[in-house]
Amino acid sequence: MLVERTRELATLLHALEDCRRGRSAVAMITGARATGKTALLHAFGEEVQRSEALLLSASCTPGERSLPLGVFSQLQRNVPEEFRPARPADDLAPLLDEDTKRGHLLREASTALLAIAETRPVVIVVDDVQYADELSKEALLHVLGRLRSTRVAVVFTQGVGAREPRSLFHTEFLRHPHRHSVWVGLLSPRGVAEVVAAELGSRIADEFGARYHEMTGGNPLLLRALLEDQHRTPFDGAPVAGEGFAEAVMSCLHRGDPAIREAAHALAVLGTHSDHTRLLARLLGAGQKTAAKDVETLADMGLVQGTDFRDPAIREAVLDDAPNLPELHQRAACLLSQDGEDRRVVAAHLVSSGEACPAWALPLLREAADAAILDDQVCEAVEYLEFALLDHEDQAPVDLVMMLVRLKERLAPASVLQHVPELGQAMREGRLLGHGLSWFVRLLVVHGRGDDVAEGLAKLVSRAEELDDHDRAEVAIARMWTAGEYPDLVADVPQIRLEPVGVDVRTGMRVDAATALSQVVDGRLDENLIMTAERVLQSANLAEEPSDEISSALHVLLYLEKLDSVKTWCDRLVARGPHSSPGWHGVPAMVRAEVAYRTGDLGTARDHAQEALEKADPRIWGASIGMALGTLILATTAMGRYDEAAAAMRQRVPQHAYRGRYGLHYLYARGHYHLATEQLHAALGDFLTCGELMVKWKIDSPGIVPWRAGAAEVYTRLGNHAKARELADQQLALPVMDRSSSRGMAMRVKAATTDLRQRSQLLYGALEEVQAAGAQLEVARVLADLSQMYHELGQPDRARITARRAWRLAKDCQAETLCSQLIPDNEARAETSPGEARAEARWGALSDAERRVAGLAALGHTNREIATKLYVTVSTVEQHLTKVYRKLNITQRRDLPADLWNVVALGA
């Protein structure tokens, strides 16, 4: 017996002492269910049996109510034979319908009990008397009425509940002069610690006793179950609820009034809410006072604290016990919606119901998803939208499907493929409208539904005048994006003329991005395109992904060959983009890889290309895989890793990739692999196929891929210098922005087809172009050609110094193939030659500014040209040259060391 229960037991023993002294006594043990009333009663019974008193006991259950005199029959079984009535209570029950005999028979049965008291004390205990049948209650009341001067003690236990009326026993009890009241409440923290210490030791009790009390509220049944759970699984002393605890929770509920159990189910469904009582009453169909008392009863049982279950494990057990859980969630959702509750709260109940989504809830679920997205809870938003579409696929608005697909791509990109046929059908029927149209066009095209897009866009464009400004803008964006990515699909679809007013800022930015990309691929270049792309990137909304305007703006900068700018933006986007999306880094990583290749950072290009391919399931790349694979092939080929390049080429590229811009990148890269591995005709076929498509689609811009330079290099190796020169001239005639690596490539290739005099001018010009563009690998290639030229001119020292410079730059780029062509490995390890040492000593005497001026002068530029290139005055150039002449001990320009031009290439 717990210390906390000894006081209650003492009260009962006092009643027993009254009985032994010849005074009748009555004790009523009350308390919530599962708080230990029965245990206390059993402890008292053991004390009675150790005395000379006769113990007559009975236990009541809800089923006892339908058995007439069932409780009284239990009491009679312990009566000595000589005192038993002539007819047992079981035999009397059928006769009790006759009112004339009723009183006589009850007196006969009770007289037998009172007769015993003449010989020895009698203690009658009845557990859960509220469940006794009516006839037994009547008989017991009869006994209570005749107890005043007999040696009889009657002890009852009665569970208290909000919906149970006060019994007649209370009335009779209150009239008795020797009454004893015992309230059995929940165990205190100290009492819980006592139980834990007895079971698990004092150390555990001291450290975790408060937690055991917090979880159980001091309910002995819950506490005992929780302790037993700890024996079933390894633990460190902290309580962990298991199956036993859950079963104990259900036992507490099933011991009492079913109405209290229903209230617990409803309370578990509602969870924490600011207006619990009112909502609970409405959900139960009861009054607020009744609902409040139900909660109070659950609190008396130790299940609830305040207005919520004291531990999540209790709530889970109650929910598992609820047979009508879906219905409760649906009703709760309806009530909360009527009250204007937060849409996400309502949506959570709808989803938890697991039932088909009612039609009235579709707009609400859309609003709930929007709110979840703003809070960056993408998984939650997807859950709401999937429930909204459950059993409504045929009637669901297309924009709801579109919203779901965009979110699912952020979480599990491959999962969106199941929606492609459905969206393709909607596109073909011209039903795809609203925000994100261009993104869905991209989704459909990259997964081979280009014909659906072409047909759908044609229908939307034909009815453009019927659309509002926003939808018309979305159609225009989709059409321009498709023209930039897959121009052949919309060759017969007219453009839409947009007014600068009527659309929001975000849509306006997306229009600008699509327009800029369209202009770049068409070759209509101007400075405003750079500002437009950077403005779009600065204002991009990264909460949504993937973003068509981000992709368009990055490609604008890439194709304009603004490599430093696009590198910076890719790094920023990867750092700022949502980390929850496995596919977010795909586009920036793919573009960043291409930038790294063009700047000669081959290792970084390889790493970013592999990262882009690994970030997303290959199935979701679709046609876009062409660019990522293309960059990987280019980088590994230049690095001399032909096995890796070949492995990349074995990856499947969908056939429809060759209908768009991404396929061009792949063809161009494959051409370079074939060129590097001496498969010249295969290389030429790749470059020419690439060119044919670009010319056909009217996107013949060298900033995309300089296919003519590649084809010209093949023709040069095949000995067709005239054709190579023709292609190089064609590329040089195309517009580019400022200094361009593609222009430098064309000049380098053309130089190989000319005589030595023209070759030097072309190579010097190529050097300026690629060095200004930051294309270090191309700088190394130009230097390699210059070294060869010097060798042919009979200038071995100059050739060797230039080759070594080229080798060092190629080594920095990790271009191992070019390194081996320039200087064999053993020679590369040799010490610097005396001639190179002398040259470096001469350069060391010059300042940075003097080296730049002297280097350009060595290339043959006039003072005015040098001033223009370096943004200084002619006078400043003359002053620098004077100092150079004095330090180098020369008197005129033609005496400048020929190797000084290297400082330009190396950026000194």
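Residues numbered from 1 in each chain as written. Predicted model: local features only at pLDDT ≥ 70, side-chain atom pairs only at ≥ 80, totals over all residues. Heavy atoms only, no water.

Here's the deal with the overall build of the protein chain
Part 1 of the reasoning: The helix and strand inventory of the protein chain stands at 48 helices and 7 strands.
Part 2 of the reasoning: Counting the 908 residues in the protein chain, one finds 57% classified as buried.
Part 3 of the reasoning: Intrachain contacts of the protein chain at a sequence separation of at least 6 include 69% that bridge at least 24 residues.
Part 4 of the reasoning: When the accessible surface of the protein chain is summed, it comes to about 38,300 Å², and 49% of that surface belongs to carbon and sulfur atoms. (Helix = DSSP H or I, 4+ residues; strand = E, 2+ residues; numbered from the N terminus. Buried < 20%, exposed > 50% of the residue type's maximum accessible area, 1.4 Å probe, protein only. Contact = heavy atoms within 4.5 Å. Areas by Shrake-Rupley, 256 points an atom, 1.4 Å probe, with all protein chains shown as cover.)

Concerning the confidence of the model for the protein chain
Part 1 of the reasoning: Mean pLDDT over the protein chain works out to 82, with 86% of the residues at or above the 70 mark.
Part 2 of the reasoning: For the protein chain, helix α43 (residues 825-828) is the element with the lowest average pLDDT, namely 46, and helix α36 (residues 707-718) is the one with the highest, namely 96.
Part 3 of the reasoning: Taken together, the stretch residues 828-832 has pLDDT below 50 and engages in 6 contacts with residues farther than four places along the chain or on a different chain.
Part 4 of the reasoning: Taken as a whole, residues 903-908 scores under 50 in pLDDT and shows 15 contacts with residues more than four places along the chain or in a different chain. (pLDDT = per-residue confidence, 0-100.)

So, the packing of helix α12 (residues 258-270) against helix α15 (residues 312-321)
Part 1 of the reasoning: Packing of α12 against α15 leaves a shortest axis separation of 9 Å and a crossing angle of 115°. Like other packed secondary-structure pairs, α12 and α15 cross with a definite hand, here left-handed. Only Arg 315, Val 318, Leu 319 and Asp 321 of α15 make contact with α12, whose side of the interface consists of Arg 261, Ala 264, His 265, Ala 268 and Val 269.
Part 2 of the reasoning: Per-class residue counts for the contact of α12 with α15 are 5 nonpolar, 1 polar and 3 charged. (Axes fitted to C-alpha atoms, helices over the stretch in contact; angles between N-to-C directions. Left-handed = near helix turned anticlockwise from the far one by under 90°. Nonpolar A, V, L, I, M, F, W, Y, C, P; charged D, E, K, R; others polar.)

Some details on the packing of helix α25 (residues 505-522) against helix α27 (residues 548-559)
Part 1 of the reasoning: Taken N-terminus to C-terminus, the directions of α25 and α27 make an angle of 35°; their axes are 9 Å apart at the nearest point. For the crossing formed where α25 meets α27, the hand is left-handed. In contact with Arg 506, Arg 510, Ala 513, Ala 516, Leu 517, Val 520 and Val 521 of α25, α27 contributes Asp 548, Glu 549, Ser 552, His 555, Val 556 and Tyr 559.
Part 2 of the reasoning: A class-by-class count of the residues in the contact of α25 with α27 yields 7 nonpolar, 2 polar and 4 charged.

Description of the environment of Glu 172
Part 1 of the reasoning: Among the secondary structure elements, Glu 172 is positioned in helix α7 (residues 168-175).
Part 2 of the reasoning: Owing to a relative accessible area of 15%, Glu 172 belongs among the buried residues under this scheme.
Part 3 of the reasoning: Expressed as a C-alpha distance, the spacing of Glu 172 and Val 26, which sit 146 residues apart in the sequence, is 9.6 Å.

What to know about the side chain of Asp 686
Part 1 of the reasoning: As for its position among the elements, Asp 686 is in helix α35 (residues 680-697).
Part 2 of the reasoning: There is a polar contact of 2.8 Å between the side chain of Asp 686 and the side chain of Arg 670.
Part 3 of the reasoning: Apart from residues lying up to four places away in sequence, Asp 686 is in contact with Leu 667, Arg 670, Gly 671 and His 674. (Polar contact = N/O pair within 3.5 Å; in protein donor to acceptor, adjacent residues only side chain to side chain.)

Examining the sheet that holds strand β1 (residues 25-31)
Part 1 of the reasoning: Pairing is parallel across the open sheet formed by 5 strands, whose spatial order is β2-β3-β4-β1-β5. One side of each edge strand has no neighbouring strand; the edge strands of this open sheet are β2 (54-59) and β5 (179-183). Going across the sheet, the axis of each strand differs from the next one's by a mean of 15°, ignoring polarity.
Part 2 of the reasoning: Here β1 runs beside strand β4 (residues 152-159); their pairing, made up of 7 bridges, is parallel. (Pairing = 2+ DSSP bridges.)

As for the pairing of β5
Part 1 of the reasoning: Side chains His 180 and Val 182 project from β5 onto a buried face, and the interleaved Arg 179, Ser 181 and Trp 183 project onto a face without burial.
Part 2 of the reasoning: When β1 meets β5, the two strands line up parallel, connected through 5 bridges. Looking at β5, one finds that Thr 30 is bridged to Trp 183.

Details of the nonpolar core
Part 1 of the reasoning: Core analysis: the largest hydrophobic core is formed by 223 residues, its most contacted members being Tyr 212, Leu 303 and Leu 432.
Part 2 of the reasoning: Sequence-distant contacts of Leu 432, that is, excluding residues within four places in its chain, are made with Val 398, Met 402, Leu 423, Ala 426, Met 427, Leu 437, Phe 440, Leu 444 and Leu 460. (Core = buried A, V, L, I, M, F, W, Y, C linked by side-chain atoms within 4.5 Å.)

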